[in-house]
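Now for the letters of each chain:
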2 protein chains.
Amino acid sequence: MLTFKNLDQTASYALLQEWASHPPSSHTLSAHQVHQFMSTSSLVNYHYAGALVNADIVSLLQIVAKEQEVVDKYKALLAGAPLNTSENRPVLHHQLRSTSESMYSAECTRLFSFAHTIRSSQKFTDVVQVGIGGSDLGPRLLVHTLSGLDVPYLKPHFLTSVDPDELNRLLPTLPPDTTLWIVASKSGSTLETQSNLSCIQPPPHQTIVLTTPNSPLDRPQDFLDIFYIDHSIGGRFSSTSIMGMTIVTLCFGQEVVEDILSGARQMDEDALCPDSTKNPSLMAALIGVWIRSFLSMPALGIIPYSTALAPLPAFIRQLDCESNGKQVNRDGDPIGYPTSPVIFGECGTNCQHSFFQKIHQGTDPIPIEFIGFRHAQTHKNPHQHMILNANLISQMTALALGQDHDNPNQRFVGSRPYSLLLANRMDAKTLGALISFYENKIMFQGFLWNLNSFDQEGVQLGKRITQDLLQHKSTYNSSLLQTWQDLLR
Amino acid sequence: MLTFKNLDQTASYALLQEWASHPPSSHTLSAHQVHQFMSTSSLVNYHYAGALVNADIVSLLQIVAKEQEVVDKYKALLAGAPLNTSENRPVLHHQLRSTSESMYSAECTRLFSFAHTIRSSQKFTDVVQVGIGGSDLGPRLLVHTLSGLDVPYLKPHFLTSVDPDELNRLLPTLPPDTTLWIVASKSGSTLETQSNLSCIQPPPHQTIVLTTPNSPLDRPQDFLDIFYIDHSIGGRFSSTSIMGMTIVTLCFGQEVVEDILSGARQMDEDALCPDSTKNPSLMAALIGVWIRSFLSMPALGIIPYSTALAPLPAFIRQLDCESNGKQVNRDGDPIGYPTSPVIFGECGTNCQHSFFQKIHQGTDPIPIEFIGFRHAQTHKNPHQHMILNANLISQMTALALGQDHDNPNQRFVGSRPYSLLLANRMDAKTLGALISFYENKIMFQGFLWNLNSFDQEGVQLGKRITQDLLQHKSTYNSSLLQTWQDLLR
């Protein structure tokens with residue numbers, strides 16, 4: 001029997017609060033501490049010596065993890081327990097990369113065969129994924145990162161918002177007869193996707209659909225083909241489903257998909273380890289909770305030193321904010337500690353020439369999650385990658401140690417918190433591992449905070465008011481809505 | 001004689017603190033209040049009824065603006081006073097769009113003539129701007145936004161980081177003989193730009209340089225042409241200088257440049273008005289200080305309901321964080337109030353399907369700055385723009401009013417702060433106005449906070465450690481640096 005309680009009901013909460021009132025500094029960060037505070041796995045290592053911790057704090061966090069039964073809850077989730085309590089549904093995205101036979105592996109086989117036919121036909125030059133949110137951010141990350149490893153077989157595009165400027169900018173660039181359209185909508189009724197579809201009216205024999213069975217888009221006779229996603233795969237957790245793998249298969253081939261799934265599977269398995277020093281996603285979850293809920297720092301900068309990961313911060317932002325941006329626990333009771341930080345980010349070294357002034361010398365410490373790689377994606381100009389990593393090392397060092405100076409304007413306070421996620425090379429397998437790392441980190445944080453990380457009721461109110469507005473029903477506050485409409489006309 | 005004092009030394013500070021301890025809610029936001037709380041100008045209006053203010057608070061903020069002499073300081077800046085105190089320099093970026101004859105208008109004339117020659121020659125198909133920070137973010141915004149209005153004459157590209165994956169991804173897509181290279185580096189010694197340049201070695205007759213006179217890149221014999229920027233134009237304030245206008249002239253022509261400068265000039269003039277209800281950038285500065293320094297909210301989401309402005313949040317982030325992400329005042333004394341929020345953002349409606357769960361139902365209120373337009377850039381599918389704006393209106397309404405519900409998971413607390421910057425259409429003139437709006441907003445906030453917004457000492461320490469590392473000097477903490485180097489090898 002699993003037990004569920006709020007973070008502030010755990011035995012170590014008060015002790016951690018006590019530590020948070022006088023946290024350790026990192027002014028004297030040593031080589032020894034860098035080796036002491038790392039969590040290792042086969043594909044990624046997580047370094048947290050810069051995260052304002054000491055051995056006592058880490059022990060207390062590990063006790064919290066045990067008391068909150070986070071690995072047991074993960075196992076229950078894998079076994080199909082309905083942990084999405086508000087919708088009374090299981091949470092099945094891990095099954096997308098499990099080796100067991102499933103509906104998904106059948107869908108994948110069908111997808112590989114479809115992609116083979118498309119490629120062999122040589123009928124298509126371009127592919128557009130029409131979708132928003134989970135049907136956009138993950139797939140966009142996958143395509144951008146993989147494009148650094150190989151030239152896509154079809155030229156990939158994305159169409160997301162209802163903004164006509166996005167559509168009108170994209171359309172003239174597409175060859176009408178050789179463009180394949182992927183319409184991706186889990187519900188089959190997404191306003192933006194529906195509206196774009198009715199503007200474009202893509203030819204049926206050039207259109208495939210990704211949706212749930214029996215959705216309004218589940219009309220096989222109207223399209224070239226349909227691939228299905230299960231209701232129990234959340235949109236933000238659907239990168240490794242057909243929502244992401246369709247465009248990846250079409251552009252980069254079956255083997256790349258298999259590498260991504262294998263990397264994600266390996267990280268999913270590593271996430272089962274109860275020892276957080278051998279479970280990077282669990283350790284990252286604990287450090288995140290330390291910084292957010294005990295040190296009360298409100299934001300988190302995601303800084304990959306790899307331009308291949310430029311779309312990663314936006315992907316993680318959805319994953320984190322929709323999962324844990326909540327103020328009631330899984331039972332609907334208000335919680336008394338902050339959750340889900342504001343996620344922002346930019347690649348290094350660009351960030352250094354943009355907002356790192358504030359990170360080094362701003363009034364408040366802003367924690368940074370660096371992501372680094374031992375090797376570049378590409379093999380040309382390796383000297384540049386050495387310079388890139390020298391910059392990463394320098395930033396980590398400057399943030400921790402700071403610098404005293406007679407001129408206060410040239411003083412750096414130091415002890416600014418950061419961690420480093422380190423991997424070998426940004427290839428397809430590592431990409432799968434990274435996606436799993438963040439999915440599982442955020443799942444573990446939901447368990448620690450006692451949230452239901454798998455619904456998103458916070459998006460409903462705006463949707464309902466929009467529907468009422470468009471249908472000229474004004475049930476909410478008619479004169480206010482009318483005023484805005486007049487001002488925006 | 002101007003007087004300089006910290007925000008907490010102003011007469012109204014304690015009264016505003018008192019209001020901040022029980023701020024007005026926006027649960028009963030009315031049409032009347034929407035009209036009451038707006039600041040108007042010829043090109044943009046700023047609506048702040050949703051920003052948790054009342055008439056008393058706005059009056060107090062206006063008194064602070066007067067006491068801090070923000071408009072007088074702006075006038076002194078325009079007159080050439082050395083307000084960049086740490087570097088003892090004037091701050092000249094407003095002169096870029098003034099009508100008076102200047103070094104810049106001569107440079108513009110030369111640029112227009114150069115661009116005319118390039119276009120007439122029909123020798124080039126592509127143009128790459130090589131630069132980072134201020135030589136990248138503003139120009140990138142300009143090119144992205146303008147591409148929604150017109151097809152660029154040359155295909156534009158950007159190369160920024162020292163990451164070899166960025167370079168190796170771009171190079172194969174460029175036709176070697178018809179690509180024009182713009183090397184943009186104010187100092188002429190930017191590590192990333194220098195390193196990329198030595199990898200690419202672009203042919204001299206295909207390369208132009210943007211730099212300051214006498215910089216290491218000021219070698220006219222080595223390039224097709226050189227255009228100059230003054231030392232007293234900060235990188236982040238250089239969008240309307242040759243740093244931005246060169247690629248804009250080449251891709252979109254002289255008239256577009258003139259429209260941008262005219263829009264910026266008009267907003268610069270509006271910023272002289274001491275009445276903040278007719279000075280949107282001043283009013284936005286005051287509201288920003290209310291939310292950041294009195295309500296202590298640490299972040300700001302920039303949400304344009306226009307995909308043409310997708311690069312805007314990153315541009316504003318640099319502008320804000322490098323200018324005001326500081327913890328000492330202009331005299332080097334520590335300040336006792338928070339400055340510069342964490343800036344993040346994404347376009348609507350995408351944000352609604354990504355992180356708005358947290359904005360509506362997260363544990364902490366996150367202020368949002370919406371940007372809306374009465375008309376789309378393009379004229380096709382106008383129905384879609386109506387749906388887009390219905391979404392914007394619904395989000396603003398939901399954030400303010402919230403929703404009660406028996407099920408706590410479907411409750412929306414409301415009173416979540418936001419403002420709206422509203423303009424007619426995202427054209428070149430409005431783009432100039434937007435850039436000026438944010439530059440001046442941030443300048444006014446620097447005056448209110450008593451900062452020097454025009455230096456960036458916080459970027460120096462990391463740079464120095466990198467140089468030491470690359471030159472194998474280890475003056476800082478050798479064993480720590482060595483450990484990181486080993487781990488990243």
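Residues numbered from 1 in each chain as written. Chains lettered and ligands numbered in written order. Predicted model: local features only at pLDDT ≥ 70, side-chain atom pairs only at ≥ 80, totals over all residues. Heavy atoms only, no water.

Once that is clear, we can look at the relation of the copies chain A and chain B. Two chain copies here: they are related by a rotation about an axis and a translation along the same axis. Mapping chain A onto chain B calls for a screw motion: a turn of 180° about the axis and a shift of 0.0 Å along it, with 0.0 Å RMSD after fitting. The operation mapping one copy onto its partner corresponds to a two-fold rotation axis. Closest approach to the rotation axis among the C-alpha atoms of chain A is made by A:Phe344, whose C-alpha sits 2.8 Å away. Comparing interface residues between copies, 100% of those in chain A also sit at the interface in chain B, which points to an isologous, same-surface contact. (Least-squares fit on C-alpha atoms with pLDDT ≥ 70 in both. Contact = heavy atoms within 4.5 Å.)

With that settled, the discussion passes to the interface of chain A and chain B. Counting residues at the interface gives 132 residues for chain A, matched by 132 residues for chain B. Seen at the junction of chain A and chain B, the total is four salt bridges. A:Arg317 is the partner of B:Glu346 in a salt bridge, and the nearest nitrogen-oxygen pair spans 3.0 Å. Where chain A meets chain B, there are 56 residue pairs in polar contact (both at pLDDT 80 or more). Per element, the largest residue contribution to the side of chain A that touches chain B is 16 residues, and it comes from helix 14 (residues 382–401) of chain A. Classifying every residue of the side of chain A that touches chain B gives 54 nonpolar, 58 polar and 20 charged. (Salt bridge = Lys/Arg side-chain N within 4 Å of Asp/Glu carboxyl O. Polar contact = N/O pair within 3.5 Å; in protein donor to acceptor, adjacent residues only side chain to side chain. Helix = DSSP H or I, 4+ residues; strand = E, 2+ residues; numbered from the N terminus. Nonpolar A, V, L, I, M, F, W, Y, C, P; charged D, E, K, R; others polar.)

Turning next to the nonpolar core. Formed by 296 residues in total, the largest nonpolar core has its most connected members in A:Trp290, A:Phe370, B:Trp290 and B:Phe370. Beyond its immediate sequence surroundings of up to four residues, A:Trp290 is in contact with A:Leu16, A:Trp19, A:Ala20, A:Pro23, A:Ala51, A:Leu52, A:Val53, A:Ile57, A:Leu61 and A:Leu295. (Core = buried A, V, L, I, M, F, W, Y, C linked by side-chain atoms within 4.5 Å. Buried < 20%, exposed > 50% of the residue type's maximum accessible area, 1.4 Å probe, protein only.)

Let us now look at helix 17 (residues 478–487) of chain A. Note on helix geometry: an α-helix contains 3.6 residues per turn, so any two residues three or four positions apart are oriented the same way. Every buried residue of helix 17 of chain A is accounted for by A:Leu480, A:Leu481, A:Thr483, A:Trp484 and A:Leu487. Buried residues of helix 17 of chain A fall within an arc of 155° about the axis and therefore sit on the same side. (Arc of directions from axis to C-beta.)

Residues and elements named next belong to chain A. Pairing within the open sheet is parallel, and its five strands lie in the order 4-3-5-6-7. Strands with a single pairing partner mark the edges of an open sheet, and in this sheet they are strand 4 (155–159) and strand 7 (225–228). With direction set aside, neighbouring strand axes in the sheet form an average angle of 20°. Relative to strand 6 (residues 207–211), strand 5 (residues 179–184) runs parallel, the two sharing four bridges. Opposite Val 183, over in strand 6, you have Val 209 as the bridge partner. Helix-sheet contacts for helix 5 (residues 103–121) involve strand 5, strand 6 and strand 7, and the interaxial angle to strand 7 is about 150°. (Pairing = 2+ DSSP bridges. Axes fitted to C-alpha atoms, helices over the stretch in contact; angles between N-to-C directions.)

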